[in-house]
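# An overview of the molecular structure
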Amino acid sequence: MTDGKRRRGLAAASALLGGVLVLSACSGGDDSASGGDGGNGGNDTSQAQVDEAAAKKSSEAQIKITPKDGSNNASINNSATVTVGKGKLTEVKMTTADGTAVSGEISADRTSWKPSVQLERATTYKLSATAEDSEGRAAHENASFTTVAPDNSFIGTFTPDDGATVGVGMPVSINFDKAITNKTEVQKGITVSTTSGQEVACHWFNANRMDCRPDEYWQEGATVTLKLALDGVEGAEGVIGVQQKTVTFKIGRNQVTYVDAKTKQMKVTQDGKTVRTIPISAGSPENKTYEGEMVISEKFRETRMNGATVGFTDDDGKGEYDIKDVPHAMRLSTSGTFIHGNYWGAKSIFGSVNTSHGCVGLQDAKGANDPNMPGAWFYDNSIIGDVVVVQNTGDKTIAPDNGLNGWNMSWEQWKAGSAV
């Protein structure tokens, strides 16, 4: 073969091989053109090897954050939980949208995390979690959510306080910051129990207030437990509960005081026995004191009493009285009925004449600094929740919702106000 023919043959072979290479690179599926193994077959094998290698490098730890990323109206109690399967948590960070850190704790077995403080309403939080599997391979998860806003949630302000010791007449009283239309479901989320075993029933006075009490006064020495399981409960359309709380309080000694406006004497009893009789001055014939069973709801060593705040005004609009330092005052009604010390009245009025604007007065000293005065003694020997029964005033019985005075309803009436 001549050099020219040889060169032309090599050129033709090169062109043919070049065509095969081009077709193999671009067609992607003709086995006959690609020599049987095919370009695609080679790629599949290569990709499978890559996937297998990547799987071997990936962590088996499976992190779950609650609530889901992007959630709105999240609970302030049960949100922000992190759990992991097939691994252990190594780090969890939670912050508000502005970067403020939120403290939290990883469980002893390192499989869960939760915040150590209650979340705020209407706040956006960010969570970042890291975990490792048994091979030490790390997994990561991130989420962001916003808690329920005040306009879309409700809470109940309750009395008495956790850990308090109160008198035998103290009801559990809950005032909701939103009107409750779904009373049944809300009441189902509230339980009140006592170690005395007494049956406890709840009564709705209106859409915002529910009180709970037994048939008769609490038994002395009992422990009462209030449980609020309202988180996620719909109180009204679009209004969700956020509380999850347990409160306990103790019932003290059994003290009931009887005020007789006719005899103008007050009898203080403990466990049914009279421990002291004190002369008093009740409401005048023009301003009679309410009758009925009343519960001491507040105590003030000294307080101001202005008639204008309860409708007793002169022609100039000012209060018929304005005493800035009334000693040893204890509230019996929301409308302004108190049992209190009186230093401005003559000693002779106590036990002989009713002169007040509706309160019950006991002899006392200005400045509330004489412990020997009847007003001081009664104050020192009374606690929130003690019962004061006012009799023979000639006035109507106080309304059950005027203060903590639901004892002025029969048990049948009381239970009829339950939504459950």
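Description of the structure in this document. Keep in mind that this is a model prediction, so the values were computed, not measured. (Residues numbered from 1 in each chain as written. Predicted model: local features only at pLDDT ≥ 70, side-chain atom pairs only at ≥ 80, totals over all residues. Heavy atoms only, no water.)

## A word on the side chain of Arg209
Rules: Numbering of helices and strands starts at the N terminus; helices are DSSP runs of H or I of at least 4 residues and strands are runs of E of at least 2. Categorising residues by exposure relies on relative accessible area from a 1.4 Å probe, with only protein chains included: less than 20% of the type maximum marks a residue as buried, more than 50% marks it as exposed, and the intermediate range marks it as partly exposed. Pairs of N or O atoms are called polar contacts if they sit within 3.5 Å, as long as, within protein, a hydrogen donor faces a hydrogen acceptor (for residues adjacent in sequence, only side-chain-to-side-chain pairs). Note on definitions: a residue-residue contact is assigned when non-hydrogen atoms from the two residues lie within 4.5 Å.
When you line up the elements, Arg209 lands in strand E14 (residues 209-214). Residue Arg209 is classed as buried on the basis of its relative accessible area, which comes to 9%. Here Asp401 takes part through its backbone oxygen, which lies 2.9 Å from a polar atom of the side chain of Arg209. Engagement of the side chain of Arg209 in a polar contact is seen with the backbone oxygen of Gly403, the distance being 2.8 Å. If near-sequence neighbours (up to four positions away) are discounted, Arg209 is found in contact with Ser173, Ile174, Asn175, His203, Trp204, Pro400, Asp401, Gly403 and Leu404.

## A word on the packing of aromatic side chains
Stated formally: Two aromatic rings, drawn from Phe, Tyr or Trp (for Trp, its six-membered ring), form a pair once their centres lie within 6.5 Å of each other, and the interplanar angle then sorts them: stacked below 30 degrees, edge-to-face above 60, tilted otherwise. We call a charge positioned above a ring when the Lys NZ or Arg CZ atom is no farther than 6 Å from the ring centre and deviates by at most 35 degrees from the ring normal.
Scanning the model with the defined rule gives seven aromatic pairs in all. Pairing Trp218 with Phe249 gives two aromatic rings, centres 6.4 Å apart and planes at 90 degrees, and the pair type is edge-to-face. Within this pair, whereas Trp218 is found in the loop between E14 and strand E15 (223-229), its partner Phe249 is found in strand E18 (residues 244-251), the two being separated by 31 residues in sequence. As far as the burial class goes, Trp218 and Phe249 line up, both buried. Among the aromatic side chains, those forming a connected cluster through ring pairs are Phe154, Phe176 and Trp204. The residue whose ring lies beneath Arg213 is Trp414, and the NZ or CZ to ring-centre distance is 4.5 Å. The cationic tip of Arg276 hangs over the ring face of Trp377; the distance from NZ or CZ to the ring centre is 4.9 Å.

## Comments concerning the pattern of salt bridges
Our working rule: What counts as a salt bridge is simple: a side-chain nitrogen of Lys or Arg found within 4 Å of a carboxyl oxygen of Asp or Glu.
Evaluated as defined, the whole model comprises nine salt bridges. A salt bridge links Arg331 to Glu298; the nearest nitrogen and oxygen atoms lie 2.7 Å apart. Taken together, the residues Arg331 in strand E24 (residues 322-331) and Glu298 in strand E23 (residues 298-306) connect sequence positions 33 residues apart.

## Remarks on unusual backbone geometry
In this model, Thr66 is joined to Pro67 through a cis peptide bond whose omega is 5 degrees. Tracing the backbone shows Pro67 in the loop between strand E1 (62-66) and strand E2 (81-85). In the segment running from Thr159 into Pro160, the intervening peptide bond is cis, with an omega of 5 degrees. Tracing the backbone through its elements, the reader meets Pro160 in the loop between strand E9 (156-159) and strand E10 (165-166). Look at Asn73: it is not a glycine, yet its phi comes out positive at around 55 degrees.

## Notes on the sheet that holds strand E17 (residues 239-241)
Short version of the rule: Only when DSSP finds a minimum of two bridges between them are two strands counted as paired.
Across the sheet, three strands lie side by side as E8-E17-E16; this open sheet has mixed pairing. The open sheet has two edge strands with one neighbour each: strand E8 (153-154) and strand E16 (234-236). In terms of strand pairing, E8 meets E17 through two bridges, oriented parallel. Within the sheet, the bridge partner assigned to Phe154 lies in E17 and is Gly241.

## Considering the side chain of Thr289
Looking at the secondary structure, you find Thr289 in the loop between strand E21 (273-279) and strand E22 (292-295). The exposure class of Thr289 is buried, given its relative accessible area of 2%. Among the polar contacts listed, one links the side chain of Thr289 to the backbone nitrogen of Gly283, at a separation of 2.9 Å. Of note is the side chain of Thr289, whose polar atom sits 3.0 Å from the backbone oxygen of Gly358. Apart from the residues within four sequence positions on either side, Thr289 is in contact with Ala282, Gly283, Thr337, Gly358, Cys359, Val360, Val390, Thr393 and Asp395.

## A closer look at the sheet that holds strand E25 (residues 338-342)
Note the threshold: Every axis in this analysis is a line fitted to C-alpha atoms, fitted for helices over the stretch in contact. Angles between the N-to-C directions lie between 0 and 180 degrees.
In spatial order, the strands read E23-E24-E25-E26; together these four strands make up an open sheet with mixed pairing. One side of each edge strand has no neighbouring strand; the edge strands of this open sheet are E23 and strand E26 (360-363). In this sheet, neighbouring strand axes are inclined to one another by 40 degrees on average, regardless of whether the strands run parallel or antiparallel. Where E23 and E24 come together, seven bridges link them in antiparallel fashion.

## Comments concerning the nonpolar core
Heads up, the rule is: Here, nonpolar core means buried Ala, Val, Leu, Ile, Met, Phe, Trp, Tyr and Cys residues that are tied together by side-chain atoms lying within 4.5 Å of each other.
Residues Ile174, Phe176, Val186, Ile190, Met210, Leu226 and Ile251 are the most contacted members of the largest nonpolar core, which totals 34 residues. Looking at this core, the elements that each hand over two or more residues are strand E11 (172-176), strand E12 (190-194), strand E13 (200-204), E14, E15, E18 and strand E27 (387-391). With near-sequence residues (within four places) excluded, Val186 lies in contact with Phe154, Phe176, Ile180, Trp204, Leu230, Val233 and Gly235. The next biggest cluster of nonpolar side chains, apart from the first, holds 23 residues, and it includes Ile65, Val92, Met94 and Ala131.

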